[in-house]
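# Observations on the three-dimensional arrangement
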Amino acid sequence: MIGLISATAAGAAARDRLAAAWPDRTRVYEGPVGDAVRAAFAECEQLVCFLATGAVVRLVAPLLGDKATDPGVVCVDEGGRFAVSLVGGHGGGANELAVEVGGLLGAEPVVTTATDATGVAGLDTLGLPVEGAVAAVSRALLDGEPVALRAEVSWPLPPLPVASEGACVIRVTDRAGQAADNEVLLRPPSLVVGVGASKGAPVEEVLELVQHALRDAGLSVRSLAELATVDAKAEEPGIVAAAERLGVPLVTHSAEELAAVEVPNPSDAPLAAVGTPSVAEAAALVGGGELLVPKRKSARAEGHAAMATCAVVRRPARGRLAVVGLGPGARDLLTPRARAELRRASVLVGLDQYVDQIRDLLRPGTRILESGLGAEEERARTAVAEARKGQAVALIGSGDAGVYAMASPALAEASDDIDVIGVPGVTAALAAGAVLGAPLGHDHVSISLSDLHTPWEVIERRVRAAAEADLVVTFYNPRSRGRDWQLPKALAILAEHREPTTPVGVVRNASRPDESSRLTTLDALDPATVDMMTVVTVGNTATREIAGRMVTPRGYRWQEATS
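A short tour of the structure in this document, coming up. The structure presented is a predicted model; accordingly, all values stated were derived computationally and were not measured.

## Overview of the overall build of the chain
Tallying secondary structure elements over the chain gives 19 helices and 28 strands in all. Seen through its principal axes, the chain has C-alpha atoms that stretch 95 × 65 × 60 Å. The 563 residues of the chain split such that 46% are buried. Considering only residue pairs separated by 6 or more positions, the chain has 65% of its internal contacts joining residues 24 or more positions apart. Element-wise, carbon and sulfur atoms account for 51% of the exposed surface of the chain, whose accessible area totals about 26,400 Å².

Right, dumping it as structure tokens:
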């Protein structure tokens, strides 16, 4: 919950705008400001104070305890010009909140955290438990000093400006132990503990078994990703409570699924009880990985049978491939999600001219693999190969990466051994449509006229089908120096089913600084004026030019009734 505090009418107006926009996320605190701040500080995860920064500093200073647990505090001046991340930039989420508040209120977000200001990923913002000399190692990264990365466990980290050797060290490990001087330990969630238990097994027995198994193997409980068991034990109180106390999810699998997993220590007892010869080992191994701790039983007093078993597996890291659409070119049409994925990726793969568009958004330490036109399949293979190494990869394309771009070849290469994230983008057709007016107001289709990968016979059949179906058609890749006859042929096919006066919109470099557009007709369009940077949109039989804009009526019944 975000606590909102103000002292004046101007502050209250901005406060109320925020409360109205985020009714489920915010709570307004009335009354004396000092009392309101103290109450919100104790009750909320974050605060937005519409007060002078000096006043907020004095009010929250006596309340500060630990940056790991203190709420994030954002201060907005009463003129609504700035949203300042004051306290808890990383741990309390104040940096992100300042950006959100600024976007909503039209205020400039002010973030002074050193890593955010320089673009270096904060070690405490990577989404992993972190231990050790965070401040010292962060300072070394900021100062450009060599910091060594030692990955005992492969994990898809964001980019970090690291070296092979250095006085400071970032170690990625699931092994137990203390960080050395000038060392940071990052704990990836690489460990899975499979658990089996008799009915009524006490939570203390299950919990002690898991903790001892990890400790005896020299493994950190902070790298525990999940407890896993058979479906029949999904509601076993001791297992459920153990997962809750460890702060990890409980994942269950069917007996049939577990029975298909090859294990070193099968047993007749679980086979008779739940239908699989192994619960602990099979549940831990079901996703693959290295068995670090074979099945072991819980310790019980003499004369009492053990009621729980467990096994520990280190799962292989799953690489992360984000297929990112950059939009049509304008920076303000690049989505926030695309920006976040570009900064999340430690490896960027893309066409050189697209890389140049967003190079300034990348974090220091990002490895860039760029190539020229015609290397689409090579880029797709490269991106998938890097992800299979356990890297966090972004593969970029213009518009939407799934529309005549990189998603299709990449996903044709990818198997289920990596995680794939699709990031949609604004397409050239949509950008051109917005420039022209509303040409896509009814059913429409996009067709690429490039026959480099698709036989012309197939393209012609699709154009003819669109013409007969009276669909608005947007032509991608309409004409190049080596392909100058396809567009005239496609227009001729459409002309068999549409009037010569059918509106046609021509937009070049939609949304870019040199954007140009014109509205013409099917018989007046000169294909020689079109190139590969152009999108051509041909209307259907209902499309009209209205006030200089291209409009395809939606065909609402109420419009028909009043026309």
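## A few points about the state of the cysteines
On inspection of all chains with the given rule, the structure shows zero disulfides. Of the cysteine sulfurs around Cys-49, a residue in no disulfide, the closest is that of Cys-75, at 6.6 Å. Since its relative accessible area comes to 0%, Cys-49 is described here as buried.

## Here's the deal with the packing of aromatic side chains
Counted under the stated rule, the structure contains two aromatic pairs. Ring centres 4.8 Å apart and planes at 55° place the aromatic pair Tyr-404 and Tyr-476 in the tilted group. Placement of Tyr-404 in the loop between strand E19 (392-397) and helix H15 (407-413) and of Tyr-476 in strand E23 (residues 472-476) is noted, with a sequence separation of 72 residues between them. You can call Tyr-476 buried: its relative accessible area is 11%. A ring pair is formed by Trp-456 and Trp-485, whose centres lie 5.1 Å apart and whose planes are at 70°; its orientation type is edge-to-face. Note that Trp-456 is positioned in helix H17 (residues 456-468) and Trp-485 in the loop between E23 and helix H18 (486-495), a separation of 29 residues in sequence. The ring of Trp-22 carries Arg-25 above its face, with NZ or CZ at 4.3 Å from the centroid.

## A look at the packing of H17 against H18
Two elements in contact, H17 and H18, have axes separated by 9 Å at closest approach and are oriented at 30°. One finds that H17 runs roughly parallel with respect to H18. Relative to H18, H17 is oriented so that their crossing is right-handed. Along its contact with H17, which presents Trp-456, Glu-460, Val-463, Arg-464 and Ala-467, the element H18 presents Gln-486, Lys-489, Ala-490, Ile-493 and Leu-494. Residue classes in the contact of H17 with H18 are distributed as six nonpolar, one polar and three charged.

## Topic: the sheet that holds strand E24 (residues 503-508)
One key point about sheets: their strands pair by backbone hydrogen bonds, in either a parallel or an antiparallel sense. The sheet built from five strands is open, its strands ordered E22-E23-E26-E24-E25 with mixed pairing. This sheet does not close on itself; its edge strands, each paired only once, are strand E22 (444-448) and strand E25 (516-521). Each strand of the sheet is rotated relative to its neighbour by a mean of 20°, with strand direction disregarded. With five bridges joining them, E24 and strand E26 (residues 534-538) adopt antiparallel strand pairing. Within E26, the residue paired with Arg-508 across the bridge is Thr-534. Helix-sheet contacts for helix H16 (residues 428-436) involve E22, E23, E24, E25 and E26, and the interaxial angle to E24 is about 115°. Sitting on the sheet, H18 touches E23 and E26, and the angle it makes with E23 is about 175°.

## Here we look at the environment of Lys-489
Mapped onto the elements of the fold, Lys-489 is located in helix H18. Spatially, the C-alpha atom of Lys-489 lies 59 Å from that of Thr-252, the residues being 237 residues apart in sequence. Residues in contact with Lys-489, not counting those within four places in the same chain, are Trp-456 and Glu-460.

## Considering the nonpolar core
Note on soluble globular proteins: their nonpolar side chains tend to be buried together. One finds Val-193, Val-195, Val-210, Leu-214, Leu-227, Leu-246 and Val-312 to be the most contacted residues of the largest nonpolar core, which totals 25 residues. Elements with a minimum of two residues in this core: strand E11 (191-197), helix H7 (203-216), strand E12 (224-230), helix H8 (237-246) and strand E15 (308-314). Other than its neighbours up to four places away in sequence, Val-195 contacts Val-206, Val-210, Leu-227, Ala-228, Thr-229, Ile-239, Val-279, Ala-280, Thr-309 and Cys-310. Counting 21 residues, the second-largest nonpolar core is a separate cluster that includes Ile-447, Ala-466, Ala-490 and Leu-522.

## A look at the side chain of Thr-474
Within the secondary structure layout, Thr-474 lies in strand E23. Of the polar contacts made by the side chain of Thr-474, one reaches the side chain of Thr-537; its length is 3.4 Å. If we ignore the near neighbours within four places in the chain, the residues touching Thr-474 are Ala-429, Leu-440, Val-445, Ser-446, Ile-447, Val-535, Val-536 and Thr-537.

## Remarks on the sheet that holds strand E28 (residues 549-551)
The strand order across the open sheet formed by three strands is E21-E28-E27, and the pairing between neighbours is mixed. Lying at the two open borders of the sheet, with one neighbouring strand each, are strand E21 (437-438) and strand E27 (544-546). As paired elements, E27 and E28 share three bridges and run antiparallel to each other. Paired with Glu-545 across the bridge in E28 is Met-550.

## Let's talk about the side chain of Thr-552
Mapped onto the elements, Thr-552 comes out in the loop between E28 and helix H19 (557-562). Of the residues examined, Thr-552 reaches a relative accessible area of 3% and is grouped as buried. Polar contacts involving the side chain of Thr-552 include one to the main-chain carbonyl oxygen of Pro-439, which spans 2.7 Å. A polar contact of 2.8 Å, which involves the side chain of Thr-552, links it to the side chain of Thr-543. The contact partners of Thr-552, leaving out residues within four places of it in the chain, are Ala-438, Pro-439, Gly-441, His-442, Val-472, Asn-540 and Thr-543.

Rules and cut-offs
Once a new chain begins, its residue numbering starts again from 1 and follows that chain's sequence as written. Since the coordinates come from a predicted model, pLDDT governs what is reported: local features require at least 70, and pairs of side-chain atoms require 80 or more to be given and counted, while whole-chain, interface and lining totals use all residues. Only hydrogens and water are set aside when side-chain values are computed; all heavy atoms of the structure are taken into account. Secondary structure elements are taken from DSSP: a helix is a run of H or I of four residues or more, a strand is a run of E of two residues or more, and numbering for both begins at the N terminus. Burial classes: relative accessible area under 20% of the type maximum marks a residue as buried, over 50% as exposed, and values in between as partly exposed (1.4 Å probe, protein chains only). Throughout, a residue-residue contact means that at least one pair of heavy atoms, one from each residue, lies within 4.5 Å. Areas reported as accessible are Shrake-Rupley estimates using a 1.4 Å probe. Residue values count occlusion only from the protein chains shown. We call a pair of cysteine sulfur atoms a disulfide whenever their separation is within 2.5 Å. Two aromatic rings from Phe, Tyr or Trp, using only the six-membered ring of Trp, form a pair when their centres are within 6.5 Å; if the ring planes differ by under 30 degrees the pair is stacked, by over 60 it is edge-to-face, and anything between is tilted. In this scheme, the term charge over a ring applies when either NZ of a lysine or CZ of an arginine sits within 6 Å of the ring centre and within 35 degrees of the ring normal. To obtain each axis, a line is fitted to C-alpha atoms, and for helices this fit is confined to the stretch in contact; angles are then taken between N-to-C directions over 0 to 180 degrees. Angles are sorted into four bins: roughly parallel if under 35 degrees, roughly antiparallel if over 145, roughly perpendicular if 65 to 115, and oblique for all others. Handedness of a crossing follows from how the near helix is turned relative to the far one, being left-handed for an anticlockwise turn of less than a right angle and right-handed for a clockwise one. Throughout, the ten residues Ala, Val, Leu, Ile, Met, Phe, Trp, Tyr, Cys and Pro are labelled nonpolar, Asp, Glu, Lys and Arg are labelled charged, and all others, Gly among them, are labelled polar. Should DSSP find at least two bridges between two strands, the strands are taken to pair. Think of a nonpolar core as a cluster: buried Ala, Val, Leu, Ile, Met, Phe, Trp, Tyr and Cys residues, connected wherever their side-chain atoms sit within 4.5 Å. Under this definition, polar contacts are N or O atom pairs within 3.5 Å; protein pairs additionally need one hydrogen-donor-capable and one acceptor-capable atom, and for neighbouring residues in sequence, both atoms have to be side-chain atoms.

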